[in-house]
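Summary of structural features
Residue-level listing of the chains:
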Amino acid sequence: MTHTTELETVLHELRQLEPLIYAANDGAVRSHFERLLAPDFWEVGAAGRVYDRAFVLATLEQRQQQPRQEAWHTFDHAVRQIEAHHFLLTYALQQPTRLSRRVTLWRRSPEGWQMVYHQGTPAAQIGLGHEDAGRFGPLAQARREPEGGPLARLTFHAEAAIH
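One structure accompanies this document, and this report is about it. (Residues numbered from 1 in each chain as written. Predicted model: local features only at pLDDT ≥ 70, side-chain atom pairs only at ≥ 80, totals over all residues. Heavy atoms only, no water.)

When its secondary structure is counted, the protein shows 4 helices and 8 strands. Element order for the protein, N to C, with α for helix and β for strand: α-α-α-β-β-α-β-β-β-β-β-β. When burial is assessed residue by residue, the protein has 44% of its 163 residues classed as buried. Sequence separation of at least 24 residues holds for 54% of the intrachain contacts in the protein that already meet a minimum separation of 6. (Helix = DSSP H or I, 4+ residues; strand = E, 2+ residues; numbered from the N terminus. Buried < 20%, exposed > 50% of the residue type's maximum accessible area, 1.4 Å probe, protein only. Contact = heavy atoms within 4.5 Å.)

Attention now goes to the nonpolar core. The biggest cluster of nonpolar side chains holds 23 residues, and the ones touching the most others in it are L14, L37, V79, F87, W106 and W113. Per element, the largest residue contribution to this core is 5 residues, and it comes from helix 1 (residues 3–17). Among all residues touching W106, those that are not within four sequence positions of it are L14, L17, E18, L36, H85, H86, F87, L89, W113, Q114 and M115. (Core = buried A, V, L, I, M, F, W, Y, C linked by side-chain atoms within 4.5 Å.)

Next up on the list: the pairing of strand 1 (residues 37–44). Bridge count between strand 1 and strand 6 (residues 112–122): 4 bridges; the pairing is parallel. Paired with V44 across the bridge in strand 6 is Q119. Relative to strand 2 (residues 50–52), strand 1 is paired through 3 bridges, and the arrangement is antiparallel. Bridge pairing in strand 2 places V44 opposite V50. The antiparallel pairing of strand 1 with strand 2 creates a hairpin that spans 5 residues between the two strands, and G48 there sits at a positive phi of about 95°. (Pairing = 2+ DSSP bridges.)

Moving on, we get to the pairing of strand 5 (residues 99–109). Bridge count for strand 4 (residues 86–94) against strand 5 is 9 bridges, and the pairing is antiparallel. Of the residues in strand 5, the one forming a bridge with H86 is R107. In sequence, strand 4 turns back onto strand 5 through a hairpin of 4 residues. Sheet analysis places strand 5 next to strand 6, joined by 10 bridges and oriented antiparallel. Its bridge partner being in strand 6, W106 is matched across the sheet by M115.

Shape is all these values report; function is a separate question.
Here you go:
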């Protein structure tokens, strides 16, 4: 398996898991979220507030009881391998009232994927600070840097709707 193919697989897997942290409306039970969030998980919200694992689990449980009926859209996904078992996922999230940049540090173990850290940062406009701003669309474009290095990166510009 080539490094690009591995990163493509990782990106696909993490894009499937990531919506669970903010949408939490697919009927999953608390034990699912407990497995998904690492014991030392923490988050910095878009307003700069720090949240611990217990707070996030309680919030996800509440969202399960009162699912959101709004459409959120993610795009501009990228994944970067930080070390052997840690991957950094970045993307933009368009909510009905705001746009934010998101970053999640994921750890892969034999038991599966776990979120270690998550942060949301408000963004004034799509693509702010990104060298590929304006090239979003249905076709994926991949880029790696450097060849096989520890910060090998694969970027996809595709839109995904989360309901």
